[in-house]
Amino acid sequence: MNNQEARLILQAYRCGGQDASDPLFAEALEQARRDPELQKWFAEETALDARIQASLQTALPIPHELKSNLLALRKIIRPAPWWLQPLKLAAAAAVLLLGVATFWLRPQTPAQLASFRETMARYSMQEHGHITFESHDMTKIQQWLQDRGMETNFELPAALHRGPAQGCRVVDWNGRKATMLCFVLDDGEHMDLFVMDRVGLPGLPEGSAPQFAEANGLMTATWVKGDQVYLLTGDNKKLLQKLFQQT
Amino acid sequence: MNEVDYEQAVNSFYEGLYRFAHSLAGNADDACELTQEAFARLLAKGGQLRDRSKVKAWLFTTLYRIYLGWKRRDTRHPHLEITSVENELPTVTPDIVDKLEHEAVGQSLLEMEERYRVLLALYYFENHTYAEISGLLGVPIGTVMSRLSRAKDMMRKSLAAKSIGAERKIISIKPESQRSQT
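Residues numbered from 1 in each chain as written. Chains lettered and ligands numbered in written order. Predicted model: local features only at pLDDT ≥ 70, side-chain atom pairs only at ≥ 80, totals over all residues.

**Q** How do you make sense of the overall build of chain A when you look at a structure like this?
**A** Secondary structure assignment for chain A yields 9 helices and 7 strands. Taking all contacts inside chain A whose residues are at least 6 apart in sequence as the whole, residues at least 24 apart take part in 57%. (Helix = DSSP H or I, 4+ residues; strand = E, 2+ residues; numbered from the N terminus. Contact = placed C-beta atoms within 7 Å.)

**Q** How should the sheet that holds strand β5 (residues 211-215) of chain A be read in this particular structure?
**A** Each strand in a sheet pairs with its neighbour through backbone hydrogen bonds, running either in the same direction (parallel) or in the opposite one (antiparallel). All names here are of chain A. A sheet is described by the order of its strands in space; here 7 strands give the open sequence β1-β2-β3-β4-β7-β6-β5, paired in antiparallel fashion. Strands at the two margins of the open sheet, each flanked by one partner only, are β1 (133-134) and β5. Packing against the sheet, helix α6 (residues 110-125) makes contact with β2 (165-173), β3 (176-184), β4 (190-197), β5, β6 (218-225) and β7 (228-234), and its axis sits at approximately 120° to β6. Helix α7 (residues 138-147) contacts β1, β2 and β3 of the sheet and is inclined by roughly 25° relative to β2. (Pairing = 2+ DSSP bridges. Axes fitted to C-alpha atoms, helices over the stretch in contact; angles between N-to-C directions.)

**Q** Which parts of the structure should I look at to understand helix α7 (residues 130-137) of chain B?
**A** For an α-helix the count is 3.6 residues per turn, leaving residues at separations of three or four pointing the same way. Residue and element names in this part refer to chain B. Listed as buried for α7 are Tyr 130, Ile 133, Leu 136 and Leu 137. For α7, the angular spread of buried residues about the axis comes to 125°, placing them on one side. Among the residues trailing α7, Gly 138 stands out with phi positive, at a value near 70°. (Buried ≥ 20, exposed ≤ 12 C-beta atoms within 10 Å, placed from the backbone. Arc of directions from axis to C-beta.)

**Q** What exactly am I supposed to notice about the packing of helix α1 (residues 3-10) of chain A against helix α3 (residues 36-59) of chain A here?
**A** If you want to describe how two helices pack, look at the angle between their axes and the distance between the axes. All names here are of chain A. Where α1 meets α3, the axes come as close as 11 Å, and the angle between the chain directions of the two elements is 20°. When the interaxial angle is binned, α1 and α3 end up roughly parallel. As for how α1 packs across α3, the hand of that crossing is right-handed. Packed against α1, whose contacting residues are Asn 3, Ala 6, Arg 7 and Leu 10, the element α3 presents Leu 38, Trp 41, Phe 42 and Glu 45 at the interface. Considering only residue class, the contact of α1 with α3 consists of 5 nonpolar, 1 polar and 2 charged. (Parallel < 35°, antiparallel > 145°, perpendicular 65-115°, else oblique. Left-handed = near helix turned anticlockwise from the far one by under 90°. Nonpolar A, V, L, I, M, F, W, Y, C, P; charged D, E, K, R; others polar.)

**Q** Even after reading the chapter, I still don't get the nonpolar core, so can you show me in this structure?
**A** Across soluble globular proteins, nonpolar side chains show a tendency to be buried alongside one another. Grouped together as the largest cluster of nonpolar side chains are 59 residues, with contacts concentrated most on Leu 17, Phe 20, Ala 21, Leu 63, Leu 119 and Leu 122 of chain B. With 11 residues, the top contributor of residues to this core is helix α1 (residues 3-25) of chain B. Apart from the residues within four sequence positions on either side, Leu 119 of chain B is in contact with Ile 133, Val 144, Arg 147, Leu 148 and Ala 151 of chain B. Ala 165, Met 196, Leu 204 and Leu 240 of chain A belong to the second largest nonpolar core, which has 35 residues in total. (Core = buried A, V, L, I, M, F, W, Y, C linked by C-beta atoms within 7 Å.)

In short, shape yes, function no, at least from these values alone.
In structure tokens form, the structure reads like this:
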């Protein structure tokens, strides 16, 4: 490891010393112990970080009423026990049925499906360049996709007809193109729908219940309709299940 | 999530979460709203969190996603050109100059490009590790490290520029008699 590499790593070292036992820093710290110049730089770096950290805490003061407002939320938002909520009881039954259906109708190509999920979830998490074409107008989005040779005969879940589309993008999986449609629902929940020709994932049964699985920290639902395989990503499973109950 | 767990989460994380929100939104009102929305979701959905040690990461990730949702809607954050608020800027006083150091640091952070600002906010405000930041933002660890290095460098250059500006302001508000002595 040269000093340049050590500096890059040590810049992520927290000035409170909490990272002393992290193996990633061990070699860089050892390098700093051996090289007086690097050691001097590191001492100045941590001192400056401590100063900036302290200054930032003062620079953005916390509003006095914020904490009491947050504690007051307990009185406003009180979720009732799930067994007292008929909708949640119905959802629990649906989850059970979906679980059974998922087990019996699990895909013939689990490794490929897992890879598809992981790749699409990564696209969904991507912050910069998340979408290529921005528009709330689905007709314009379809036109943009057609201009790029993409199929636009996809069928959206009913709930997504109501949520405003944000735009779209063409993504790649194993050399195959897939359409990505980005949505933000009324409650601010972000979802991405991926549509790909089902030839790319043979063995997935058509018309079966959506298969839910976690990928890269996101929840995904996958299903097949017509010639297309659909994959929806969202923050959590309940949200996705709710969306299919609305369909 | 029971009331005790919720109160503990508020006590432990609300300050760091608010400052993170402020660094994202750039103003106190939206920061309060983002913080409250994140805690409201914790109350509503916190029961799904099986591992209580993940509450902190969950809150920061949730707040960041709420913010991205706002941004995608693109209606809540109209961009104010400096010329439109120029008349509302306060006159420089000794008090302001005294406070300038901290404010300048905060301002330097808020002026940065978002991808650098988010990273520094997580690093400085709540002492997140590089691995936690990687998980929260969904970017590889190598990217976190190189971006953090770049972000620190940019912030220091901005602070250096501001410190020159502050010195000039101090000189310019000194009484005439004192100016001639220096």
